[in-house]
Structure formats: C-alpha cells, structure tokens
Amino acid sequence: DARSILEAELRKSETRLAELQKEYNNGEPEKQGPEHRNHQKYLDRVAELKAGIARSEVDIVGIRREIARLGGSGTASK
C-alpha cells in the first residue's frame, strides 16, 4: 500500500530531522575531536548539518504532499 510506505518514510524523515536539529543545536553543535584544533572542519560540519536539515524539511513537505494527494488526513495533517 503506497500510503503506508509513505507514512513509514515520513516517520523516518521526521526522526532524521529531529536528530539533525538536536546535533545542530541552534547553529552551535558541540565540537568533535579534531574540530577543536581545526575551526574550518567545525564550520564545514555546521554547514553540512544545516544543509541536511533543509533537505529533510523539503523531503517531509514532499512526503506529506504525496500522502495528501492519495487522500486522507492521517499524519499529513501534523
């Protein structure tokens, strides 16, 4: 069933987004290992996290749109 597949994908995407947002920590993630000595590595990781969050948000919107297109409110109304 396409709807159940989309809903599972939505839950997976929402979980991933929550993980990224937690790690991103409002733009100030904890520095890891070599990032303490190399600030550019830290900045690169911050940029990657921000881009990942943006991609996840777009994915979630698209999945919700597909669920809505299939009909029914379910998790699409979250």
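Keep in mind that what you see is a predicted model, and the values were worked out from it rather than measured.

Peer 1: Before we move on, can you summarise the overall build of the chain with the specific residues and values?
Peer 2: A count of helical and extended segments in the chain gives two helices and zero strands. What you see for the chain is a C-alpha radius of gyration of 16 Å, clearly larger than the 12 Å of a compact globule of 78 residues, by over 25%. Each principal axis of the C-alpha atoms in the chain carries an extent, and together these give about 50 × 20 × 15 Å. Evaluated residue by residue, the chain yields a buried proportion of 28% over its 78 residues. Taking contacts inside the chain between residues at least 6 apart in sequence as the whole, the part at least 24 apart equals 59%. For the chain, the accessible area works out to roughly 5,500 Å², and carbon and sulfur atoms hold 51% of it. Of note, the chain has its 15 positive side-chain charges centred 0 Å away from the centre of its 14 negative side-chain charges.

Peer 1: Tell me about the nonpolar core, and please be specific about residues and values.
Peer 2: Formed by Leu6, Leu10, Leu17, Leu20, Tyr24, Tyr42, Val46, Leu49, Ile53, Ile60, Ile63 and Ile67, the largest nonpolar core amounts to twelve residues. At the level of secondary structure, the elements contributing two or more residues to this core comprise helix H1 (2-24) and helix H2 (39-70). Looking at this core element by element, the count peaks at seven residues for H2.

Peer 1: With reference to specific residues and values, describe H1.
Peer 2: In a regular helix each residue adds 1.5 Å, so 23 residues correspond to 33 Å; H1 covers 32 Å between its end C-alpha atoms and thus fits that length. Its buried side turned inward, H1 meets H2. After H1 finishes, the residue Asn25 shows a positive phi value of roughly 50°.

Peer 1: How would you summarise the packing of aromatic side chains if you had to cite specific residues and measurements?
Peer 2: Note on aromatic pairs: each is described by the distance of the centres and the angle between the planes. This structure, assessed with the given rule, holds zero aromatic pairs. Looking at Lys31, its charged tip hangs above the ring of Tyr42, at a distance of 5.1 Å from the centre.

Peer 1: So what's going on with the pattern of salt bridges? Which residues, and what values?
Peer 2: Applying the stated criterion to the full structure yields six salt bridges. For Glu14, the salt bridge identified is with Arg64, shortest N-O distance 2.7 Å. Taken as a pair, Glu14 in helix H1 and Arg64 in helix H2 lie far apart in primary sequence, 50 residues in all. We classify Arg64 as partly exposed; its relative accessible area is 24%. Two residues, Arg45 and Glu23, come together in a salt bridge whose shortest N-O distance is 3.0 Å. Of this pair, Arg45 sits in helix H2 while Glu23 is found in helix H1, placing the two residues 22 residues apart along the sequence. Under the relative-accessibility criterion, Glu23 is labelled partly exposed at 34%.

Conventions used here
- Residues numbered from 1 in each chain as written.
- Predicted model: local features only at pLDDT ≥ 70, side-chain atom pairs only at ≥ 80, totals over all residues.
- Heavy atoms only, no water.
- Helix = DSSP H or I, 4+ residues; strand = E, 2+ residues; numbered from the N terminus.
- Rg over C-alpha atoms; globule rule 2.2 N^0.38 Å.
- Buried < 20%, exposed > 50% of the residue type's maximum accessible area, 1.4 Å probe, protein only.
- Contact = heavy atoms within 4.5 Å.
- Areas by Shrake-Rupley, 256 points an atom, 1.4 Å probe, with all protein chains shown as cover.
- Lys, Arg positive; Asp, Glu negative; His and termini not counted.
- Charge placed at Lys NZ, Arg CZ, Asp CG, Glu CD.
- Core = buried A, V, L, I, M, F, W, Y, C linked by side-chain atoms within 4.5 Å.
- Expected span 1.5 Å × (residues − 1).
- Phe/Tyr/Trp six-rings, centres within 6.5 Å; stacked < 30°, edge-to-face > 60°.
- Lys NZ or Arg CZ within 6 Å of the ring centre and 35° of its normal.
- Salt bridge = Lys/Arg side-chain N within 4 Å of Asp/Glu carboxyl O.

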